[in-house]
Amino acid sequence: MRLLYITESVPNRDPVFGDGSSMIPYEVLRNLPADVDVTLLTFSGPVGLPDEVRSRCAAVHVLTPRSRAAALMRSFAGLNGVGKHERSTAEAVSTAARLSAQSDATLIHGPHALFLSRHVQGPVVLQTVDPWSIRAGMDTAIAGRLRLAYRARERQALRAERRLPARARLLTVGSQDAVEWAQRLARPVRSIPNGAEQASRPAARQSGPVVCFVGSLNYGPNIDSAKVLIGTIAPLVWEKVPDARFVLAGRRPEPEVLALAGPRVEVLANVPSVLDVFQSADVAAFPDEHGVGIRNSVREALAAGLPVVATPVAAREQDPHPLLTIEPDSGNFAGHVVNRLTGPRPEHTERDAGAVRTWQTVTQEYLDELRSAIHPGSAGLPLGSSPA
């Protein structure tokens, strides 16, 4: 298969500038079989192209986006479509059209690059981690100010999504998002959840009892979760386990997260590997109250063999797992954390970690979608799809 892979940003797992969106194409590229000939079309930014990505691709085209200031001038009211306007250059349109004509199929990743679907030729599959209209709806719901502006952005995102080519196959991560997006657009949408890599855990504790929270610490819902963990859950845990330490780890922590640090609370910014955090902890705690899609860090903690206590929001769409405890009540939540801190480490953690889906499985599902786009009607809509 000759595949044109278009990504809105350089595929990477950079500890500072990487995110869930850049992670997916990075892992898919690493796990594509050798018989897939890949041409990558992406946009430059703060992260350079990783060597492992460059070596996997037969050809790479890194385009320079429009400046932020120029994109703001082109976007309506400064709140809508800035990312798209940064990338919607004449060079991007002509390059996508030319390269797609030379490919068997095109896979476009990220909401800011979906506009190129109107210019590519041939079969096309579109993937976005969180459908932009749904993400904008979440932002509207939690916005303290400028609600009218947020609602306008939500409506504009939905109008843009409804203009996506009818021939394109649509993908997102969460099955609930797939159902809602399918209803909004009156067309099929499939969910392909992310994967995680299995890793073994040390047999004994490295230090005293440790509770960890991992996530992007400049993301509103994660900031709220960190505040709940330290402000509400931690005091209840300390009543039973006074020497328990809490570790908040993630990229670019905002000042309000840094302010949570104290004698028993550590904030780790831009950790090179979250696996190190998971391996030094006894339990991961995710008291989320907001969010869409699937929380990658819950799945990654489970894949590392670490017990997880999570609210239903944090555990949304996670498969049942022997190391996962779901609890909505704060008092009971703290009790489960205490039990994990004071009880014996779970047995068979390496086997249990293997219960989490892998990136190899995820990549195969993307390939199935591409093959179905090339040969429409060859198979029914896969499980996890949502008809209108």
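Computed from a prediction, not measured in an experiment: that's the story for all the values here.

1. Let's talk about the overall build of the protein chain
- Helices and strands together make up the secondary structure of the protein chain, namely 15 helices and 14 strands.
- Of the contacts formed within the protein chain by residues at least 6 apart in sequence, a portion of 65% connects residues at least 24 apart.
- Within the structure as shown, the protein chain displays about 16,500 Å² of accessible surface, and the carbon and sulfur contribution to it stands at 52%.

2. What about the packing of aromatic side chains?
- The full count for this structure, using the stated rule, is 2 aromatic pairs.
- Ring geometry for Phe213 versus Phe286: centroids 5.6 Å apart, planes at 50°, classification tilted. Placement of Phe213 in strand S8 (residues 210–214) and of Phe286 in strand S11 (residues 283–286) is noted, with a sequence separation of 73 residues between them.
- Taking NZ or CZ as reference, Lys84 lies 5.9 Å from the ring centre of Phe115, over its face.

3. With respect to the sheet that holds S8
- Here we have 6 strands laid out as an open sheet, ordered S10-S9-S8-S11-S12-S13, and parallel in their pairing. Only two strands of the sheet have a single neighbouring strand rather than two, namely strand S10 (265–269) and strand S13 (324–326). With strand direction ignored, the average angle separating the axes of adjacent strands in the sheet is 25°.
- Across the sheet, helix H9 (residues 220–240) is in contact with S8, strand S9 (245–250), S10 and S11; its angle to S9 comes to roughly 170°.

4. Focus on helix H13 (residues 330–342)
- The end-to-end C-alpha distance of H13, which contains 13 residues, comes to 18 Å, matching closely the 18 Å that a straight helix rising 1.5 Å per residue would cover.
- Looking only at H13, the buried set comprises Phe333, Ala334, Val337, Val338 and Leu341. Around the axis of H13, the buried residues are gathered within 140° of arc, so they sit on the same side.
- Considering only its buried residues, H13 is in contact with S8, H9, S11 and strand S12 (308–310).

5. A word on the pattern of salt bridges
- Under the criterion given, the structure shown has 16 salt bridges.
- Residue Glu27 pairs with Arg30 through a salt bridge whose shortest N-O separation is 2.9 Å. In this pair, Glu27 and Arg30 are both assigned in helix H1 (residues 20–31), 3 residues apart and thus about one turn of the helix distant.
- Residue class for Glu27 comes out buried when judged on its relative accessible area of 2%.
- Taking relative accessible area as the criterion, Arg30 reaches 43% and is therefore assigned partly exposed.

6. Some thoughts on the environment of Leu158
- You can see Leu158 is positioned in helix H7 (residues 147–162).
- Measuring from C-alpha to C-alpha, the distance between Leu158 and Ile134 comes to 8.6 Å, with 24 residues separating the pair along the chain.
- Ignoring sequence-local partners within four residues, the contact set of Leu158 consists of Ser133, Arg184 and Leu185.

7. Let's talk about the confidence of the model for the protein chain
- When pLDDT is averaged along the protein chain, the result is 87; 87% of the residues meet or exceed 70.
- Scored below 50 in pLDDT, residues 379–388 shows 25 contacts in the model against residues more than four places distant or in partner chains.

8. Thoughts on H9
- With 21 residues, H9 extends 30 Å from end C-alpha to end C-alpha; this agrees with the ideal 30 Å at 1.5 Å per step.
- At Ala234, H9 shows its maximal kink, close to 45°; a proline, Pro235, follows between one and four residues later.
- Among the residues of H9, those classed as buried are Pro221, Asn222, Ile223, Ser225, Ala226, Val228, Leu229, Ile230, Ile233, Ala234, Val237 and Trp238.

9. Points about the side chain of Asp288
- With respect to the helices and strands, Asp288 occurs in the loop between S11 and helix H12 (296–303).
- Asp288 sits in the buried class, given a relative accessible area of 4%.
- Looking at Asp288, its side chain comes within polar contact range of the side chain of Arg295, at 2.7 Å.
- In contact with Asp288, not counting residues within four places along its chain, are Phe213, Ser225, Arg295, Thr311, Val313, Ala314 and Arg316.

Conventions adopted
Position numbers for residues start from 1 in each chain and track the written sequence from start to end. At least 70 in pLDDT is required for a residue's local features to be given in this predicted model, at least 80 for side-chain atom pairs to be given and counted, and no such filter applies to totals for whole chains, interfaces and linings, which use all residues. Hydrogen atoms and water are omitted, and side-chain values are computed over all heavy atoms in the structure. Secondary structure counts use DSSP, requiring at least four H or I residues in a row for a helix and at least two E residues in a row for a strand, with both numbered from the N terminus. Residues count as neighbours in contact if any of their non-hydrogen atoms are within 4.5 Å of one another. Only the protein chains shown count as cover for residues, and the accessible areas themselves come from Shrake-Rupley with a 1.4 Å probe. Pairing of aromatic rings covers Phe, Tyr and Trp, the last counted by its six-membered ring, and requires centre-to-centre distances within 6.5 Å; plane angles under 30 degrees mean stacked, over 60 mean edge-to-face, and any other angle means tilted. By definition, being over a ring means that NZ of Lys or CZ of Arg is both within 6 Å of the ring centre and within 35 degrees of the ring normal. Pairing between strands is defined by DSSP: at least two bridges between them are needed. Whenever a helix is involved, its axis is fitted only over the stretch in contact; in every case the axis is a line through C-alpha atoms, and angles between N-to-C directions fall within 0 to 180 degrees. Here, expected helix span is obtained from the residue count minus one, scaled by 1.5 Å. Each residue gets one of three labels from its accessible area relative to the maximum for its type: buried under 20%, exposed over 50%, partly exposed in between, using a 1.4 Å probe on protein chains only. Throughout, the arc means that of the directions going from the helix axis to the C-beta atoms. Salt bridge, as used here, is a side-chain nitrogen of Lys or Arg placed within 4 Å of a carboxyl oxygen of Asp or Glu. Known as pLDDT, the predictor's per-residue confidence is scaled from 0 to 100. The angle between axes fitted to the seven residues ending at a residue and the seven residues starting there is what we call the bend at that residue. N or O atoms closer than or at 3.5 Å make up a polar contact, with two conditions inside protein: a donor-capable atom paired with an acceptor-capable one, and, for residues adjacent in sequence, both atoms drawn from side chains.

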